Amino acid sequence: MMGAMASSKAKIVHVCSECGTSHPKWAGRCSGCGDWNTLVEDLGDDGGAELPVSTRPGPVRIGDVGAAEGNPEATGLAELDRVLGGGIVPGSVTLLGGEPGIGKSTLLLQLLAAWTGPTLYVTAEESAHQVGRRAERLGADRRDLWLHAETSLPHVIDAIEQIRPELVVIDSIQTVHDPSIGSVPGSVAQVRGCAQRLVGEAKERGVSIVLVGHVTKEGGLAGPRVLEHVVDTVLQFEGDRHHALRLLRASKHRFGPTNELGLFEMVNEGLRAVPDPSSLFLADRRTGVPGSAVVPTMEGHRPIVVEVQALTSDGVPGVPSRRSAQGLDAGRLSMLLAVLGRRSRVPVAEQDVYASTAGGVKLSEPGLDLGVCLAVASAVRDQPLPPDLAVFGEVGLGGELRQVSHAARRLTEAHRLGFRRVIVPANSPDVDGGVDLRVVRASTLSEAIRAAGLTASTAPAGLRPTG
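The present account deals with the structure reproduced in this document. Note that the structure is predicted; figures quoted are calculated from it, not measured. (Residues numbered from 1 in each chain as written. Predicted model: local features only at pLDDT ≥ 70, side-chain atom pairs only at ≥ 80, totals over all residues. Heavy atoms only, no water.)

In this section: the side chain of E307. In this fold, E307 is placed in strand β14 (residues 302-314). We note that E307 is buried and unpaired, the nearest opposite charge coming from R285 at a distance of 4.6 Å. Here the side chain of E307 touches S292 through a polar contact of 2.6 Å, side chain to side chain. Excluding residues that lie within four positions of it along the chain, E307 makes contacts with L282, R285, S292, A293, S356, T357 and A358. (Helix = DSSP H or I, 4+ residues; strand = E, 2+ residues; numbered from the N terminus. Buried < 20%, exposed > 50% of the residue type's maximum accessible area, 1.4 Å probe, protein only. Lys, Arg positive; Asp, Glu negative; His and termini not counted. Salt bridge = Lys/Arg side-chain N within 4 Å of Asp/Glu carboxyl O. Polar contact = N/O pair within 3.5 Å; in protein donor to acceptor, adjacent residues only side chain to side chain. Contact = heavy atoms within 4.5 Å.)

Printed below as a string of structure tokens:
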């Protein structure tokens, strides 16, 4: 009888899987975030639980807080430290997301192996034997690295209490469950409750925790949106399984910037840092081929020189022309093609256009605009760009070229790789005097096309250049 009364306190509610908003009954649209068909059944809280006693100190004056206590500790992986702004801050919680098989577990095992203090790897998906074999292959089987195959959150916390590690990795948060939460593992309530309790443990004990998260078909982190809100840092591990290159980005970081990019290469021994990505991206470049342009881009404070490739072919009459983008923003490509056709008399309206960045890297910065336009113009006119030429600049709807940030760093990186001419917007800052580089300035896209040596071709009737 008492059991029936106790179970009756737990009522069924519907929780949004995106934002975590609770609803007394099912609805097609969430009232919190506005998304459709995101409500799932869950057991509501009976409201009778007592609040735990806080062990944290009370309010203090902001001037009395020591800034040194929040300094990051280097991880031993240079590319990871670059993205995190120097390392992992003690007591912080980091969420790492990525597609299955992309190398998340490999990256974290190498992180634990490079850490100088005691660490704990909680594997909630794989067996201890599987992780042990991977650690042996990576050379990560050091004495202070502890392995715990467990899915129950209380047992995980007991292991943290027993070992007292400096860094904990939990792989993954979707498979860890708390028996005190009355719902199945992987549900919204379980993921939210386990994450909040682990955040509390990290702040109270001063231990750094890294959570591995699943991703959806669209590439976003699975689970409730509150999962991203409660953690301090959200990292995205990206890459193509058919390419060895792996990219690490931060979409949220409370202790530093989010515009840095970490680059790794997957080899037999694990993930290897790529300190010179420009040389890697240009290693297989062929000169003298139409439709190829070299662009110095910026990712955070790091200049990266990439090759933009374009291919055009005659479209099928009566069928809309196809535009395909790999590594580039498809909407941006369509806009640039419209500017090319209307402002610079490059006949692309009836052409199928395929554009990509070589090497599998994904970029979206505006400095790529001029490189994309010149690559397409080169492909349409079947004329290659000079092999020692690099270009960068933003293209406006009027056909004008606009300056982009960190022009000096882009020019220096292009010069280091052997390029001797660079086409830039007219208002770009001057290059350093010690760099032997010819800087060609252009105010419009049409001027840049002429400066690149692409001769004019017959334009369709009705088109007039306005650049």
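The three strands are arranged β17-β20-β21 in an open sheet whose pairing can be described as parallel. The open sheet has two edge strands with one neighbour each: β17 (389-391) and β21 (438-442). When strand polarity is set aside, the average angle formed by the axes of neighbouring strands in this sheet is 25°. With three bridges joining them, β17 and strand β20 (residues 421-425) adopt parallel strand pairing. Along β20, the bridge assignment pairs A390 with V422. (Pairing = 2+ DSSP bridges. Axes fitted to C-alpha atoms, helices over the stretch in contact; angles between N-to-C directions.)

Here nine strands make up an open sheet; going across it, the order is β6-β5-β7-β8-β4-β9-β10-β11-β12 and the pairing mixed. Edge positions in the sheet fall to β6 (145-149) and β12 (270-273), since each has one partner strand and no second. For this sheet the average axis-to-axis angle between neighbouring strands, irrespective of direction, equals 25°. Pairing analysis gives five bridges linking strand β5 (residues 119-123) to β6, with the strands arranged parallel.

All quantities given are derived from atomic positions and should not be read as evidence of function.
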